[in-house]
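Structural description and commentary
The chain contents come next:
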Amino acid sequence: MEEPVEYQMTGINQVQVNTDVGMTFPIALRSILRQAPNIIMIGEIRDAETASIATNASLTGHLVFSTLHTNDAPSAVARLVDIGVPPFLVASSIRAIMAQRLVRRLCTQCKKPTALSEIEMRALGIEPSQMKEAQVMCATGCDHCRHTGYRGRMGIFEIFIIDDEVRHSITKRTSTSLLRRRARELGMRTLREDGVRKVLAGLTSPDEVISATITDAS
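Right, let's walk through the structure included here. Nothing here was measured: the structure is a model prediction, and the numbers come from that model. (Residues numbered from 1 in each chain as written. Predicted model: local features only at pLDDT ≥ 70, side-chain atom pairs only at ≥ 80, totals over all residues. Heavy atoms only, no water.)

**Considering the pattern of salt bridges**
Heads up, the rule is: A side-chain nitrogen of Lys or Arg and a carboxyl oxygen of Asp or Glu constitute a salt bridge if their distance falls within 4 Å. The numbering of helices and of strands both runs from the N terminus, where a helix is a DSSP run of H or I of at least 4 residues and a strand a run of E of at least 2. Three labels apply to residues, based on accessible area from a 1.4 Å probe with only protein chains included: buried if under 20% of the type maximum, exposed if over 50%, partly exposed otherwise in between.
One pass over the full model with this rule turns up 15 salt bridges. The partner of aspartate 72 in a salt bridge is arginine 180, with the nearest N and O atoms 3.1 Å apart. Here aspartate 72 is found in the loop between strand S2 (63-66) and helix H3 (75-83), whereas its partner arginine 180 is found in helix H7 (residues 176-185), with 108 residues between them in sequence. Take aspartate 72: its relative accessible area is 13%, and that puts it in the buried class. Exposure remark for arginine 180: the relative accessible area of 17% places this residue in the buried category. Among the salt bridges present, the one from arginine 122 reaches glutamate 118, with a minimum N-O distance of 3.5 Å. Here arginine 122 pairs with glutamate 118, and both are found in helix H5 (residues 118-124), just four residues apart, close to one helical turn. Beyond isolated ion pairs, a larger network of salt bridges with shared partners links Asp163, Glu165, Arg182 and Glu185.

**Structural notes on unusual backbone geometry**
Cis geometry marks the peptide bond from glutamate 3 to proline 4, where omega comes out at -5°. Its location among the elements puts proline 4 in the segment before helix H1 (25-33). The phi torsion at alanine 36 lies on the positive side, around 50°, for a residue other than glycine. Among the secondary structure elements, alanine 36 is positioned in the loop between H1 and strand S1 (39-42).

This is the structure we're talking about:
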């Protein structure tokens, strides 16, 4: 269920929203649920009705994938509550939350080794010990990448796994900062940390990661 359907995928039944004929996200979702599917993907949860239906579908045994607009993975909890889903339902229905952003991939034809400046290391939180086996690269530019130094994009990710303690915290309306702290205790790698891994592997540049994760600096 998408608005609009951007890519046709073989083997997947896709529905495009059409408000002119009354085909909205909630109406389409109710129709889909009557067919008892095992897996449902909702393009985006943007209102209370869609959020409520998606949450209840999750609680009745369906595997539901969807998207929200938030700064990071833990913030999705507050976003759902803000939309109108009761905290106890959020806690019961969510299994994992993944945040992602795109950074440009360095051109494989012209990237060249470089050294990180002290300012870049401090901005990205990189320790000198991490540089021992690093292959940091920088953009130069060639005909292959139209002299941009980059060709294509790649994702940086963070995944927040919801355990029983987190569910209890959500029910108690614990702040996002405390949820984020718990996620870190569970081993969640932040967007910036994942970006740093890709910088040290020579896949993207420090500037790209710093720009894409400016709100993750803390």
